Structures are given as C-alpha cells and as structure tokens.
Amino acid sequence: AEAKIEAPASDVEMQYVTVDEAAELLGKDDYVFFDVRKAVDVQMATIPGTLAYDMDAAKEGDFEAGVKTMQEATKDLDKNIVLVCYSGKRYAQATTNVLSALGYDMSKVYTLEGGFTAWSEGIEDVAMQYKTVEEAAALLEDDSYVFFDVRKAVDSSAATIPGALAYDMDAAKEGDFNAG
C-alpha cells in the first residue's frame, strides 16, 4: 500500500513573481503555468497557455483531493511552475503545501503576486492592426476573414457590415474584462 502523503504542519513559504516577470516567463520551455482557481472561473478567463487544475477542494481542507490533482499535474514534470490563483494567497498556498508534501523541487515553484486579479489589471493594451475601408471591403468575399461588430448591440442591430457577427463588447470597454 502507498504511504499516505501528509500535509505539512504549517504553511510552506511561497516565492512570488510579479505580473511583469510572469509575462516574460510565459511560453518559455522551462516554465509551466497552473491556474489553480475553480474550473468555472478558469473557463471564463485565464492566462493564455495556462493549464487548469481546480484546487478548490484542497483550499477547503481536502488535502487528499489536492494531492491527487497535483500528482496528475506533475507526473513526469521537471519544470518551473507558476501558480495562478485569485489573489496570490489561499489557492496558491494550498497548492504550494501539496507540492511540497509531494516532494516537488520547491525552488521551482512560484506564485503570481496578486493572482489573476493583478494579471487582469496589469494587461497592457495589445497593439492593433488596421485596415482601411477599401482594404476591408475587398476582404468581405474572402472566406479566410470574419468580421466582428463589437459595438453596443443597439448600434450593431441598427446597421452593420453585411455578414458581420455582432458581439457587444461595451462591458469590456467599461472595464469588465471577464464579460469580454
């Protein structure tokens, strides 16, 4: 029979990376990001390329459930792990404790400081590419392009580009990133 993996007597100290540091680590071969928030929240929004491992049960005190989840997550894994939770506290702490108990190299485990909340607030606007009206009109018949009308629903329903798909992004424009 397998030996039961015991929870540490006290919280294992976490090491943090800032949003800016994490952004530079994203996509590097020797780093993997684990979003350890509730699955339903990860489905709504997460950091691109992040692997989802719901650690809610572990956060609520079910250490064995956390062990099972992280055993699966770290099987044959020898990379640096960046943990993403809501604010960089309880979910990340529960996951850190589990990883420590599993014997993972804790020098390779980091927590995103401020969690997904800080990441969402720290996202800089991505540079946009533009098309002139003439260029866009020429692409209307091209099947490899799709047009999104992201104005308020009331405006796009009044008039839009023929064939454009309407997605009201007003809430996102007003700061509700998850609505977007």
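Details of the structure are given in the entry above.
What counts, and at which threshold
- Residues numbered from 1 in each chain as written.
- Predicted model: local features only at pLDDT ≥ 70, side-chain atom pairs only at ≥ 80, totals over all residues.
- Heavy atoms only, no water.
- Salt bridge = Lys/Arg side-chain N within 4 Å of Asp/Glu carboxyl O.
- Helix = DSSP H or I, 4+ residues; strand = E, 2+ residues; numbered from the N terminus.
- Buried < 20%, exposed > 50% of the residue type's maximum accessible area, 1.4 Å probe, protein only.
- Pairing = 2+ DSSP bridges.
- Contact = heavy atoms within 4.5 Å.
- Axes fitted to C-alpha atoms, helices over the stretch in contact; angles between N-to-C directions.
- Core = buried A, V, L, I, M, F, W, Y, C linked by side-chain atoms within 4.5 Å.

A. Here's a closer look at the pattern of salt bridges. Evaluated as defined, the whole model comprises six salt bridges. Of the charged contacts in the structure, one is a salt bridge between Glu64 and Lys4, with a shortest N-O distance of 3.2 Å. One end of the pair, Glu64, is in helix H4 (residues 63-74); the other, Lys4, is in the segment before strand E1 (15-17), with 60 residues separating them in the sequence. Owing to a relative accessible area of 49%, Glu64 belongs among the partly exposed residues under this scheme.

B. Inspection of the sheet that holds strand E2 (residues 31-35) at higher detail. Spatially, E1-E5-E4-E2-E3 is the arrangement adopted by the five strands of the open sheet, whose pairing is parallel. Bordering the open sheet on either side are E1 and strand E3 (51-52), each of which pairs with just one other strand. Packing against the sheet, helix H5 (residues 90-101) makes contact with strand E4 (80-84) and strand E5 (109-112), and its axis sits at approximately 150 degrees to E4.

C. The arrangement of the nonpolar core in detail. In terms of nonpolar packing, the biggest core is built from 22 residues, with Phe34, Val36, Met70, Ile81, Leu83 and Leu99 touching the most fellow members. The greatest single-element share of this core, amounting to five residues, is contributed by H5. In this structure Ile81 touches Val32, Phe34, Thr74, Leu99, Tyr104, Lys108, Val109 and Tyr110, once residues within four positions along its chain are discounted. By size, the runner-up hydrophobic cluster in this structure holds 15 residues, among which are Ala22, Phe33, Ile47 and Leu112.

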